[in-house]
Amino acid sequence: MSTETQHAIDTMLLEERRYPPPEGFAARANAKADIYDLGFEEFWEREGRERLSWFEPFTELYRWDPPYAQWYLGGKLNVCFNCVDRHVAAGHGGKVAYYWEGEPVGERRQITYADLQSEVVRFANALRKLGVRRGTPVAIYMGMVPELPVAMLACTRLGAPHTVVFGGFSADSLAGRMNDMGCEVLITQDEAWRRGSRVPLKQTADEAMAAAPAVRDCVVLRRTGGDVPMREGRDHWWHELVEGESDDPASCPCEPMSSEDLLFLMYTSGTTAKPKGIVHTTAGYLCGVAATHYYIFDLKPEEDVYWCAADIGWITGHSYIVYGPLCNLATSVLYEGTPDYPDKDRWWEIVERYGVTILYTAPTAIRSHMKWGPEYARRHDLSSLRLLGSVGEPINPEAWVWYREHIGSDRTPVVDTWWQTETGMILISPLPGVTTLKPGSATKPFPGVEAAVYDEHGNEVGPGGGGYLVLKRPWPAMLRGIFGDDERYRDTYWSRYENTYFAGDGARIDRDGDFWLLGRVDDVMNVSGHRISTIEVESALVDHPDVAEAAVCSRKDSTTGEAIVAYVTLKAGREPSVKKLQELRDHVARKIGPIAKPANVVFTPELPKTRSGKIMRRLLRDIAENRPLGDTTTLADPAVVAEIQSRAAEEKAQEAEA
Ligand code: WTA
């Protein structure tokens, strides 16, 4: 055994807290232990039938023609029918689909499944008048308003594939995506609310359309009432367009689609400047997101109020705010704004108001709440919560435990769910009524998913080992390629190992067979021949009582190969000092080992993050190396970079003096 591996195991063993499922929870859980006994085909056959309603049943479960898979072949179905119409037909029209909470205080709407159906039908009829039909590519650029899921569902009703572009993206990004997909219609809104100010979506859309000539029609929802120019012939107000349109479902029947018809593209960044258009198709995607949502979140549609606090503009919102929950007849919360507007207890106020039972969010959000302190949560009654979820990045054990203790009253299971834009659905996660939880571990592959860890040479690594996360078999919601780029698809995911999906994440398996995700493999550092994950060091740093957040990267070093640089945000009221710096370095040495001691610690009031909340480690690495900065357009607050640069320079100057 190599010293790195031994070291990795030691680190994993440091986390000894265990949380078995609460008895009452386990007794009523949607997934019991025997779910793992089902065979791969048996499981997905069953889910295909139980989770979805078909116009024509599928005749073949899947076909695997590496690196392309097809699922539920021969079947005909419609996503909107599954998410809306069938529920209304079954008598659930009066059930709330979304409790919508606008960012301005007091703005609320309740949308039942019947309301959703009439809005979708009217809007689909309006889109039809604009020439949208089966196969017409549509772009959607909106904030978190109920009309966003309405627009997506209207597209799926007609069989028109969509691409939703996150409302924080620039005109260039929007144009690039629309051009890549060949979008003919764009749906947007006048402005969006964000932390009390107005985001000019239509204005940005205008700039984007100037560079995307194929867009012939633009539908504009009036949200804030702000003044926006409308171009005659091209731009249409949503409310004018739907006026007089029928809301009778028979006036606009759900288009019967083949299982493998394109449902949507979701663009995501890769290693080059051009984002990849990840292809998701109809039946496998819907089945995958519905099944995972049902078992992992233990959804009891008649009792639960479910809230995924992501943005619909990302894959998490597609799969776990729109398609999975609606397919499962869930009652969800949809919140328009930021967690700290008008105050830092906004989320907890929402949880209390609607009696939210299941909350799904990202570690970065949890750490923000940690930074603000637990007193905001304490102002509200959170006793309705029974399950918490996490997604998007490795969750450090301290954040995991804080989340459970301060939000979940030390009583709720926390499911750490691993997946990607490409996987469409959660692939590695605990099942809350079955799995003994370990803070920091996503635990086990979902039933019907074959994940493994491989070494450089493609050998499967056993319990106790570490390497690259791979998937050995296709799964229903897997990407069907990169839009228009077969070569990049093969190259990115299938070139490292034969017929095996390379996720780009590092992982370890412990002695119980539980998976510990280590972040992207490009974030792994090598210091004096020791492999150390940036995440590990970050986790150790935030374990220090004074640290709110930390981001770690490496820089080149002439003696050790790479040296660790840590950017640290202290909790409110804690002051940076040379003594504190030494304390933090020692703390890391204590938690992991002296080899993981950061060579530099830069104190900074904020870390640079993408708009989806991911820390931009590549950027930090550039700063650490004194390299010119690459693309920062996805950065939430570009001013943070300048601040960090000047602090890093100061720190260098001090070092030189010393
Ligand atoms: C990371 C978000 C550790 C991972 C759904 C993956 C995670 C990337 C987890 C995908 C988790 C997501 N634990 N890492 N529970 N969930 N990741 O495409 O590096 O925005 O490859 O999809 O996020 O990010 P994406």
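I will try to describe carefully the structure that is included in this document. Given the structure is predicted, the values throughout are model-derived calculations rather than measurements.

What follows covers the overall build of the chain. When helices and strands are tallied, the chain shows 20 helices and 29 strands. On C-alpha atoms alone, the chain measures out to a radius of gyration of 24 Å, which is about the 26 Å that the 2.2 N^0.38 rule sets for 658 residues. Its C-alpha atoms put the chain at 75 × 55 × 50 Å along the principal axes. For the chain, buried positions account for 61% of its 658 residues. For the chain, the proportion of contacts with a sequence separation of at least 24, taken over those separated by at least 6, is 71%. Of the roughly 24600 Å² that the chain leaves accessible, carbon and sulfur atoms contribute 48%. Treating the 73 positive side-chain charges of the chain as one cloud and the 95 negative ones as another, the clouds have centres 1 Å apart.

Now for unusual backbone geometry. In this structure, Pro67 follows Pro66 across a cis peptide bond, with omega equal to 0°. Within the secondary structure layout, Pro67 lies in the loop between strand E1 (60–65) and strand E2 (68–73). You will see that Tyr72, though not glycine, has its phi angle at about 55°, which is positive. Note that Tyr72 resides in strand E2.

Turning next to the packing of aromatic side chains. Tallied over the full model, the rule gives 40 aromatic pairs. Each ring, one from Phe264 and one from Tyr323, has its centre 6.3 Å from the other, and the planes form 10°; the classification is stacked. Here the residue Phe264 occupies a position in strand E14 (residues 262–268), and Tyr323 occupies one in helix H11 (residues 315–327), the gap between them amounting to 59 residues. A residue is classified by how much of its surface remains accessible, and Tyr323, at 0% relative accessible area, is buried. Chaining the aromatic ring pairs together yields one cluster made of Phe40, Phe43, Trp44, Trp54, Phe58, Tyr62, Trp71, Tyr72, Tyr294, Tyr295 and Phe446. In this structure, Arg473 is placed above the aromatic ring of Phe40, and the distance from its NZ or CZ to the ring centre is 4.1 Å.

Right, let's get into the side chain of Thr361. Within the secondary structure, Thr361 is located in strand E18 (residues 358–361). For Thr361, the contacting residues outside a window of four places in its chain are Ala309, Trp347, Ile366, Gly389, Ser390, Val391 and Tyr403.

Further remarks concern helix H4 (residues 79–92). By the largest-angle criterion, Asp85 marks the main kink of H4, which is about 40°. Taken residue by residue, H4 has Val79, Cys80, Asn82, Cys83, Val84, Asp85, Arg86 and His87 as its buried positions. For H4, the side-chain oxygen to backbone nitrogen distance between the N-cap and Cys80 is 2.8 Å, and the N-cap itself is Asn78.

Right, let's get into the sheet that holds E14. Reading across from one edge, E12-E11-E8-E6-E7-E14-E15 is the order of the seven strands in this open sheet, with mixed pairing throughout. The sheet terminates laterally at strand E12 (235–237) and strand E15 (276–281), the two strands that pair on one side only. Each strand of the sheet is rotated relative to its neighbour by a mean of 25°, with strand direction disregarded. Seen against the sheet, helix H8 (residues 201–210) touches strand E6 (138–141), strand E8 (185–189), strand E11 (217–221) and E12 and runs at an angle of roughly 155° to E8.

Our focus in this paragraph is the nonpolar core. Residues Trp44, Phe123, Ile140, Ile187, Trp238, Tyr320 and Tyr323 are the most contacted members of the largest nonpolar core, which totals 119 residues. Those residues within four positions of Tyr320 in sequence are excluded, and the remaining contacts are Val289, Thr292, His293, Phe297, Tyr306, Cys308, Pro325, Tyr360, Trp419, Met425 and Ile426. With 32 residues, the next largest nonpolar core counts Trp307, Trp348, Ile350 and Val351 among its residues.

Residue position: Asp514 is located in the loop between strand E23 (501–509) and strand E24 (515–520). Discounting residues that sit within four places of it in the chain, Asp514 has contacts with Lys438, Ser441, Thr443, Lys444, Arg508 and Ile509.

What follows covers the packing of H4 against helix H5 (residues 113–129). Relative orientation of the contacting elements H4 and H5 amounts to 130°, with a least axis distance of 9 Å. Between H4 and H5, the interaxial angle falls into the category oblique. Considering the relative orientation of H4 and H5, their crossing is left-handed. Every residue of H5 that contacts H4 at Cys80, Cys83, Val84, Asp85, His87, Val88 and His92 is listed here: Tyr113, Ala114, Leu116, Gln117 and Val120. A per-class count over the contact of H4 with H5 returns eight nonpolar, three polar and one charged.

Here we take up the site of the ligand. Around the ligand sit 16 residues in total, of which Asp416, Thr417, Thr421, Asp505 and Arg520 are the nearest. Between Thr421 and the ligand, the recorded distance is 2.6 Å, taken from a side-chain N or O atom to an oxygen atom. Coverage of the ligand by the protein chains reaches 90% of its 530 Å² of free accessible surface. Secondary structure elements with two or more residues in the shell around the ligand: H11, strand E20 (414–417) and E24. Partitioned by chemical class, the residues of the shell around the ligand number six nonpolar, five polar and five charged.

In this section: the pairing of E6. Side chains Val138 and Ile140 of E6 all project onto a buried face; the interleaved residues Ala139 and Tyr141 project onto the opposite face, where all are buried too. Judged from the three bridges that link them, E6 and strand E7 (residues 162–164) form a sheet pairing that is parallel. Bridge pairing in E7 places Ala139 opposite Thr163. The parallel pair E6 and E7, bridged by helix H6 (residues 147–158), forms a crossover whose chirality is right-handed.

Under the defined criterion, the tally for this structure stands at five cavities of 30 Å³ or more. Volume-wise, the largest cavity comes out at about 80 Å³. The wall of the largest cavity is formed by Arg367, Glu393, Pro394, Ile395, Asn396, Ile535, Glu538, Ser539, Val542, Ala550 and Arg617. Top element by residues in the lining of the largest cavity is helix H17 (residues 534–542). It accounts for four residues.

Turning next to the sheet that holds E24. Taken together, four strands build an open sheet; the order of strands is E21-E22-E23-E24 and the sheet is antiparallel. The outermost strands of the open sheet, each flanked by one partner alone, are strand E21 (451–454) and E24. Each strand of the sheet is rotated relative to its neighbour by a mean of 45°, with strand direction disregarded. As paired elements, E23 and E24 share four bridges and run antiparallel to each other. Counterpart to Ala507 in the pairing with E24 is Leu517.

How each quantity is defined
- Residues numbered from 1 in each chain as written.
- Predicted model: local features only at pLDDT ≥ 70, side-chain atom pairs only at ≥ 80, totals over all residues.
- Heavy atoms only, no water.
- Helix = DSSP H or I, 4+ residues; strand = E, 2+ residues; numbered from the N terminus.
- Rg over C-alpha atoms; globule rule 2.2 N^0.38 Å.
- Buried < 20%, exposed > 50% of the residue type's maximum accessible area, 1.4 Å probe, protein only.
- Contact = heavy atoms within 4.5 Å.
- Areas by Shrake-Rupley, 256 points an atom, 1.4 Å probe, with all protein chains shown as cover.
- Lys, Arg positive; Asp, Glu negative; His and termini not counted.
- Charge placed at Lys NZ, Arg CZ, Asp CG, Glu CD.
- Phe/Tyr/Trp six-rings, centres within 6.5 Å; stacked < 30°, edge-to-face > 60°.
- Lys NZ or Arg CZ within 6 Å of the ring centre and 35° of its normal.
- Bend = angle between axes of the 7 residues up to and from the residue.
- Polar contact = N/O pair within 3.5 Å; in protein donor to acceptor, adjacent residues only side chain to side chain.
- Pairing = 2+ DSSP bridges.
- Axes fitted to C-alpha atoms, helices over the stretch in contact; angles between N-to-C directions.
- Core = buried A, V, L, I, M, F, W, Y, C linked by side-chain atoms within 4.5 Å.
- Parallel < 35°, antiparallel > 145°, perpendicular 65-115°, else oblique.
- Left-handed = near helix turned anticlockwise from the far one by under 90°.
- Nonpolar A, V, L, I, M, F, W, Y, C, P; charged D, E, K, R; others polar.
- Near = heavy atom within 4 Å.
- Right-handed = clockwise from strand over helix to strand, strands pointing away.
- 1 Å grid on protein atoms, 1.4 Å probe; cavity = no way out; pocket = protein on both sides within 12 Å on 5 of 7 lines; lining within 4 Å.
- Points joined across faces, edges and corners; volume = space filled by probe spheres on them.

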